[in-house]
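One-letter residues, chain by chain:
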Amino acid sequence: MEENLLDVADRWVWFPANLTVIEEPEFTLTLNTQDTTDNVVHVSRTANPAALLSHIEHRVKEAGGRQLKWWVLATSRPREMHAILSEHGYSPSEIVEVLAWSLGDSTKPRLPWPTLALTHVDRPQTADDVIAAVTVLATVFNGAAPSSDELNRAVQDWSRDSASASGYYIARNPQKQIVGAAGLTMNGSVGKFWGSAVQPAWRTQGLYRQLVKLRAQVARHHGANRCLVKARIGTSAPILRQAGFVHLATEVCYRRPLS
């Protein structure tokens, strides 16, 4: 029996090694002692949202946090959590669409952009390729270079199984420099796409689409029959919907400064 894609999406949380993860029956919270504005509720299901808000805000303040972010997912409960957070002073800070793609079967794979040639994308071949991929993603998404710990962890993960379908994918410019990167994580019959980014100077040249198609191709080859992606509404989501990705849900991150 195939797993429900929304269940896969709601469990899709990656915790960097520098975060403190608190998992309780009603919520999952991460605390960032290095950045007091980056404390995040990733999952919440409760019958008493006001009490849960107060409890989590107190814990974040106790840990020195100055801001709380709260994701509302498709299966968050109560269903009125958007309105409840707004009533308590939270405002939307990020919106993503959960999108899916059916890959067909092994005898007749179905890939996005069928006529698009994969001329400038590949898997990392060396540790330097991995470092370049992580650096592209960090600078595009965060506006800063990754830490040496992040780079070392990425290289170690790649070195343990460089042939794994899960991991980084890269895009090169005509000079063979790595200017784009993306990630794939295999989850049984689902390929989860994450972190696709291209440096501004090399956008609108098809590199993003090539990264999407290559990951779909590899996921299908390794047994996936569906792909899942959480796409930002103002950037990647329109491109993917135009290609035929199907909208499953919308996830919203709210935030509020804590006094």
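Details of the structure are given in the entry above.
As for the side chain of Ser76
Stage number 1. Within the fold, Ser76 resides in the loop between strand 4 (67-72) and helix 3 (81-87).
Stage number 2. Engagement of the side chain of Ser76 in a polar contact is seen with the backbone nitrogen of Leu73, the distance being 2.7 Å.
Stage number 3. Residues within four places of Ser76 in sequence aside, it is in contact with Ser44 and Trp71.

With respect to the sheet that holds strand 1 (residues 20-24)
What holds strands together in a sheet is hydrogen bonding between their backbones, with the strands either parallel or antiparallel.
Stage number 1. The strand order across the open sheet built from 11 strands is 1-2-3-4-13-5-12-11-10-9-8, with neighbouring strands paired in mixed fashion. Looking at strand neighbours, the two that pair on one side only are strand 1 and strand 8 (121-122), the edges of this open sheet.
Stage number 2. Against the sheet, helix 6 (residues 207-221) contacts strand 8, strand 9 (167-172), strand 10 (178-187), strand 11 (190-198) and strand 12 (226-232), and its axis sits at roughly 160 degrees relative to strand 11.

Things to note about the packing of aromatic side chains
How two aromatic rings sit relative to each other is given by the distance of their centres and the angle of their planes.
Stage number 1. Scanning the entire structure with this criterion turns up three aromatic pairs.
Stage number 2. Relative to Tyr90, the ring of Trp70 lies with its centre 6.5 Å away and its plane at 75 degrees, an arrangement referred to as edge-to-face. Separated by 20 residues along the polypeptide, Trp70 in strand 4 and Tyr90 in the loop between helix 3 and strand 5 (91-102) bring together distant segments of the chain.
Stage number 3. Here Tyr90 falls in the buried class, since its relative accessible area comes to 4%.
Stage number 4. Judged by centre distance (5.5 Å) and plane angle (75 degrees), the rings of Tyr168 and Trp194 are edge-to-face. Here Tyr168, found in strand 9, pairs with Trp194, found in strand 11; they are 26 residues apart in sequence, far enough to count as distant.

Conventions used here
Residues numbered from 1 in each chain as written. Predicted model: local features only at pLDDT ≥ 70, side-chain atom pairs only at ≥ 80, totals over all residues. Heavy atoms only, no water. Helix = DSSP H or I, 4+ residues; strand = E, 2+ residues; numbered from the N terminus. Polar contact = N/O pair within 3.5 Å; in protein donor to acceptor, adjacent residues only side chain to side chain. Contact = heavy atoms within 4.5 Å. Pairing = 2+ DSSP bridges. Axes fitted to C-alpha atoms, helices over the stretch in contact; angles between N-to-C directions. Phe/Tyr/Trp six-rings, centres within 6.5 Å; stacked < 30°, edge-to-face > 60°. Buried < 20%, exposed > 50% of the residue type's maximum accessible area, 1.4 Å probe, protein only.

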